[in-house]
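# Descriptive structure summary
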Amino acid sequence: MAFPSSADRPTPTVTSAKLVIAGGFGVGKSTMVASVSEIPPVNTEAWMTQAASSVDPLSDESAKTTTTVAMDFGRVTLAPDLMLYMFGTPGQPRFWPMWDDLCRGASGAVVLVDTRRLDASFPAVNYFENDTDVPFIVAVNLFDGKLTHPLEKVRDALCLEDRTPLVTVDARDRRSTAKTMVACLSHTMKTTPTVA
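This write-up is about the structure you can find in this document.

Bringing the side chain of K18 into the picture now. Examined against the element boundaries, K18 turns out to sit in strand β1 (residues 15-23). In this structure, K18 is buried with no salt-bridge partner, the nearest side chain bearing the opposite charge being D101 at 8.5 Å. Separated by 2.8 Å, the side chain of K18 and the backbone oxygen of R104 make a polar contact. Discounting residues that sit within four places of it in the chain, K18 has contacts with Y85, F87, D101, L102, C103, R104, G105, A106, S107 and G108.

Further remarks concern the packing of aromatic side chains. Aromatic ring pairs are described here by two measures, namely the spacing of the ring centres and the angle between the planes. Evaluated as defined, the whole model comprises seven aromatic pairs. Taking 5.0 Å as the distance between ring centres and 85° as the angle between the ring planes, the aromatic pair formed by Y127 and F128 counts as edge-to-face. Residue classification places F128 among the buried residues on the basis of a relative accessible area of 3%. An angle of 35° between the planes, with centres 5.7 Å apart, marks the rings of F128 and F136 as tilted. By relative accessible area, F136 is classed as buried at 7%. Through successive ring pairs, a cluster of aromatic residues spans W96, W99, Y127, F128 and F136. We note R116 situated over the ring of F143; from NZ or CZ to the ring centre the distance is 4.0 Å.

Of note in this structure, D144 is not a glycine but carries a positive phi near 60°. The residue D144 is located in the loop between β6 (136-141) and α4 (151-158) in this model. For C159, which is not glycine, the phi dihedral falls at a positive 55°. The residue C159 is located in the loop between α4 and β7 (166-169) in this model.

Moving on, we get to the layout of surface pockets. Picture a little ball the size of a water molecule; that probe, rolled over the atoms, points out where space is still empty. A volume near 250 Å³ is recorded for the second largest pocket. Lining the second largest pocket are 13 residues, and of these V134, P135, F136, R163 and H187 sit closest to its centre. At the level of secondary structure, the elements contributing two or more residues to the lining of the second largest pocket comprise α3 (122-130) and α5 (174-191). For the lining of the second largest pocket, the per-class residue count stands at four nonpolar, five polar and four charged.

The next subject is the nonpolar core. V20, V111, F128, V138 and L158 are the most contacted members of the largest nonpolar core, which has 21 residues in total. Looking at this core element by element, the count peaks at four residues for α3. Dropping the residues within four chain positions of it, V20 is found in contact with F87, T89, L102, C103, A106, G108, A109, V110 and F128. Counting residues in each nonpolar core, the second largest holds 20 residues, with L19, V27, I137 and M181 among its members.

Secondary-structure assignment places V20 in strand β1. Residue classification places V20 among the buried residues on the basis of a relative accessible area of 0%.

Cut-off values and rules
- Residues numbered from 1 in each chain as written.
- Predicted model: local features only at pLDDT ≥ 70, side-chain atom pairs only at ≥ 80, totals over all residues.
- Heavy atoms only, no water.
- Helix = DSSP H or I, 4+ residues; strand = E, 2+ residues; numbered from the N terminus.
- Buried < 20%, exposed > 50% of the residue type's maximum accessible area, 1.4 Å probe, protein only.
- Lys, Arg positive; Asp, Glu negative; His and termini not counted.
- Salt bridge = Lys/Arg side-chain N within 4 Å of Asp/Glu carboxyl O.
- Polar contact = N/O pair within 3.5 Å; in protein donor to acceptor, adjacent residues only side chain to side chain.
- Contact = heavy atoms within 4.5 Å.
- Phe/Tyr/Trp six-rings, centres within 6.5 Å; stacked < 30°, edge-to-face > 60°.
- Lys NZ or Arg CZ within 6 Å of the ring centre and 35° of its normal.
- 1 Å grid on protein atoms, 1.4 Å probe; cavity = no way out; pocket = protein on both sides within 12 Å on 5 of 7 lines; lining within 4 Å.
- Points joined across faces, edges and corners; volume = space filled by probe spheres on them.
- Nonpolar A, V, L, I, M, F, W, Y, C, P; charged D, E, K, R; others polar.
- Core = buried A, V, L, I, M, F, W, Y, C linked by side-chain atoms within 4.5 Å.

Next comes the structure, spelled out in C-alpha cells:
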C-alpha cells in the first residue's frame, strides 16, 4: 500500500484573527505581545525622558524606560489552522485617537489592567463598552506574580458588567498570555452572531 507524500496531502485552511491588546499607560501591553509572539515583535517604542515624566507619570517602583507611541505588533499560531495577529495600543491619552484604526476589523480585545493604578484602566474599559462593538475581556496583569485584589473587587471597582469576562494573566509568561488570548477568542465566538 502506498502512502501519500506530504505534497499530496491537502494543506489545512488557515483562519486568521486580529486581536487588540489595550489598556492604560504602563500596564504591560508591549510585554504581553512580546511574550507570545513567534516573530520578533514590531514596536514603536520611544525613550521616556525626564521632560515627559509630568505628562506620562508612572509609579515610583516602575522600571519602564520606553513607551509605545503608535502600536505593538506580533503574530502567534494558536493551532495549525489558526493564526492570531496581535496589535497593542498606545496607552497615553494623546494617542487614543489611534484606537479606532487599530480596532478596525478586530475579532476581539483584551483590556489589560494594573490594579496598582486602576484609574488608568477606566478609559480603556469605557472605550470598549461604549465606543466600539469589538467584544472584549478584561485581564488583570499579575505584576510580581501576585493577585493583590480579589477579582470580584476588581470587577466592582471597574463597574464591569457580569457578561464581561474577567481573568488574570502574567504578561511576561507565554503560556499565560496564550491562555488569555484563547479566552478572548472564545468570548468572541460566544457573543458574535453567526452569519447564515
